[in-house]
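Per-entry structural report
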Amino acid sequence: MTEAILLVGGKGTRLRPLTVHTPKPMVRAAGVPFLTHQLARARAAGVDHIVLATSYLAEVFEPHFGDGSSLGLHLEYVTEVEPLGTGGAIRNVAARLHSAPDEPVLVFNGDILTGLDIRALVRTHETTGADVSLHLTKVTDPRAYGLVPTDETGRVLAFLEKPQTPEEIVTDQINAGAYVFRRSVIDAIPGGRPVSVERETFPELLSAGAHLQGMVDSTYWLDLGTPAAFVRGSADLVLGRAPSPAIPGRCGDRLILPTARVAPDAKLTDGTVVGEGAHIAEGARVSGSTILPGAVVEPGAVITDSLIGTRARVGERSILTGTVIGDGAIIGADNELRHGARVWCDAKIPAGAVRFSSDQ
């Protein structure tokens, strides 16, 4: 097993404004583009050839990663002119694969942070003789996910839509977004049109009698599709809760990138990241947050579980909790922004304009 496909073409609409100028896999988590962590983990598992299936803002990937040699990889890039869905994207890059028809090809979604044992998934695929093997994870509340029940041997029995009633929750196992395909199965996906592996390819394979194998791995798993999840994932990488060989520093309570400036009395905790050229001023407190390169946090500001975009500025004494500030935005002094607030790129909020408490 030497090659993989990474699906990195999504628009990341749930993450806006983080993804206005940056595709979702290139948003920084623990100091580097999130995609770097996925590439590094694949390389550590023995993969040496990866094809990136790109679409939205496709032009930013290759200038950053090049041919992949700096990561010990051979990277290729295939861009969809029109979005083709998960299955269509996989089929669209098939010509770049080197595997023989019966050999395994790894496929990853580009927005999942996981501690999956990649080698174990490949071993499961090979020992069971499956056509497709799926990483499954168990969740406490499966109502937001499609369910994947299996028999006692791990063979997939069905793909069920999101349950609407308690009676429909027949398992707590869900599709975790990593697969091993037999190469010939990829070649059989219809080309030139949108295809969903979840809604079309997998159910049709089951109906045709194909062998789909599930492997439950309930180590760390997080879908980074929302701002709150992305911020949490970055903090968990810094804290060492989520594994990655690509963290540019030691795991701990905080990660400060080179050229960042942090005042001696500023307090950084709970996996906070401060990017290159960013400035955290006197008396500021930043917890569980990501401060992207060039951002400024002024004296006395308090930032919790939030993401501050590139070159954005948070004014003195402003309090931000569970918020996202877009690239270049300016938050004036003495503002309060709470959970779910998203300030768009280059927006300007005057001093004291947004509050949830008295200004006295």
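Scope of this entry: the structure provided in the associated data block. Since the structure is predicted, the reported quantities are computational estimates derived from the model, not experimental observations.

It is worth spelling out the overall build of the protein chain at this point. Each helix and strand counted, the protein chain has seven helices and 28 strands in total. Scaling as 2.2 N^0.38, a compact globule of 360 residues should have a C-alpha radius of gyration of about 21 Å, and the protein chain matches this with 22 Å. Going through the 360 residues of the protein chain one by one, you find that 55% of them count as buried. At a minimum sequence separation of 6, the contacts of the protein chain that also span at least 24 residues come to 52%. Surface exposure of the protein chain reaches about 15,100 Å², of which carbon and sulfur atoms provide 51%. Here the protein chain holds 33 positive side-chain charges and 41 negative ones, and the gap between their average locations is 5 Å.

Next up on the list: the sheet that holds strand β20 (residues 302–304). Pairing is parallel in the open sheet, where five strands are placed in the order β14-β17-β20-β23-β26. Each having just a single partner strand, β14 (267–269) and β26 (336–337) make up the two edges of the open sheet. Pairing of β14 with strand β17 (residues 285–287), which is carried by three bridges, proceeds in the parallel orientation. Residue pairing across strands places Leu 268 opposite Val 286, the latter belonging to β17.

The buried count for strand β8 (residues 132–138) comes to six of seven residues, which makes it a mostly enclosed element. Alignment of β8 against strand β10 (residues 212–216), held across five bridges, turns out to be parallel. When the sheet's bridge partners are listed, Val 132 is paired in β10 with Leu 212.

Our focus in this paragraph is the environment of Ala 158. On the secondary structure map, Ala 158 appears in the loop between β8 and β9 (173–182). For the pair Ala 158 and Tyr 220, spaced 62 residues apart in sequence, the C-alpha to C-alpha distance is 24 Å. If sequence neighbours within four positions are ignored, Ala 158 has contacts with Leu 147, Val 148, Pro 149 and Leu 206.

Applying the stated criterion to the full structure yields one cavity of 30 Å³ or more. Volume-wise, the largest cavity comes out at about 140 Å³. Going through the elements one at a time, α1 (34–44), β6 (104–109), β7 (112–114) and β9 are the ones with two or more residues in the lining of the largest cavity. Among the elements that take part in the lining of the largest cavity, α1 stands out by supplying five residues, more than any other. Here the lining of the largest cavity is built from residues that sort into nine nonpolar, five polar and one charged.

Right, let's get into the pattern of salt bridges. Scanning all chains against the criterion turns up 17 salt bridges. In this structure, Asp 111 engages Lys 24 in a salt bridge whose closest nitrogen and oxygen atoms are separated by 3.0 Å. Pair noted here: Asp 111 is in the loop between β6 and β7 and Lys 24 is in the loop between β1 (3–7) and β2 (28–29), with a separation of 87 residues, a long-range link. The burial state of Asp 111 is the same as that of Lys 24; both residues are buried. Note that Asp 141 and Arg 143 form a salt bridge whose closest N and O atoms lie 2.8 Å from each other. A relative accessible area of 35% places Asp 141 in the partly exposed class.

For the rest of this paragraph, the subject is helix α3 (residues 85–92). Among the residues making up α3, those that are buried are Gly 87, Gly 88, Ala 89 and Ile 90. On its buried face, α3 is in contact with β1, β4 (49–54), β6, β9, α5 (183–188) and α6 (197–207).

Reported here for the largest pocket is a volume of approximately 1,300 Å³. What lines the largest pocket is a set of 44 residues, among which Thr 86, Asn 109, Asp 111, Glu 198 and Arg 199 lie closest to the centre. Counting residues per element, the ones that place at least two in the lining of the largest pocket are α3, β9, α6 and β11 (221–223). Broken down by class, the residue content of the lining of the largest pocket amounts to 20 nonpolar, 14 polar and 10 charged. Size it by volume and the second largest pocket reaches roughly 230 Å³. Thr 22, Met 26, Val 27, Arg 28 and Thr 310 are the residues nearest the centre of the second largest pocket, which is lined by 15 residues in total. Of the residues in the lining of the second largest pocket, the class split is nine nonpolar, four polar and two charged.

Residues Arg 16 and Pro 17 are joined by a peptide bond in cis, for which omega reads 10 degrees. For Pro 17, the position within the fold is in the loop between β1 and β2. At Ala 30, a position not held by glycine, the phi torsion is positive, near 55 degrees. Summarising the element assignment, Ala 30 is placed in the loop between β2 and β3 (32–33). Overall, Ala 30 belongs to the buried group, its relative accessible area being 1%.

Basis of the calculations
Residues numbered from 1 in each chain as written. Predicted model: local features only at pLDDT ≥ 70, side-chain atom pairs only at ≥ 80, totals over all residues. Heavy atoms only, no water. Helix = DSSP H or I, 4+ residues; strand = E, 2+ residues; numbered from the N terminus. Rg over C-alpha atoms; globule rule 2.2 N^0.38 Å. Buried < 20%, exposed > 50% of the residue type's maximum accessible area, 1.4 Å probe, protein only. Contact = heavy atoms within 4.5 Å. Areas by Shrake-Rupley, 256 points an atom, 1.4 Å probe, with all protein chains shown as cover. Lys, Arg positive; Asp, Glu negative; His and termini not counted. Charge placed at Lys NZ, Arg CZ, Asp CG, Glu CD. Pairing = 2+ DSSP bridges. 1 Å grid on protein atoms, 1.4 Å probe; cavity = no way out; pocket = protein on both sides within 12 Å on 5 of 7 lines; lining within 4 Å. Points joined across faces, edges and corners; volume = space filled by probe spheres on them. Nonpolar A, V, L, I, M, F, W, Y, C, P; charged D, E, K, R; others polar. Salt bridge = Lys/Arg side-chain N within 4 Å of Asp/Glu carboxyl O.

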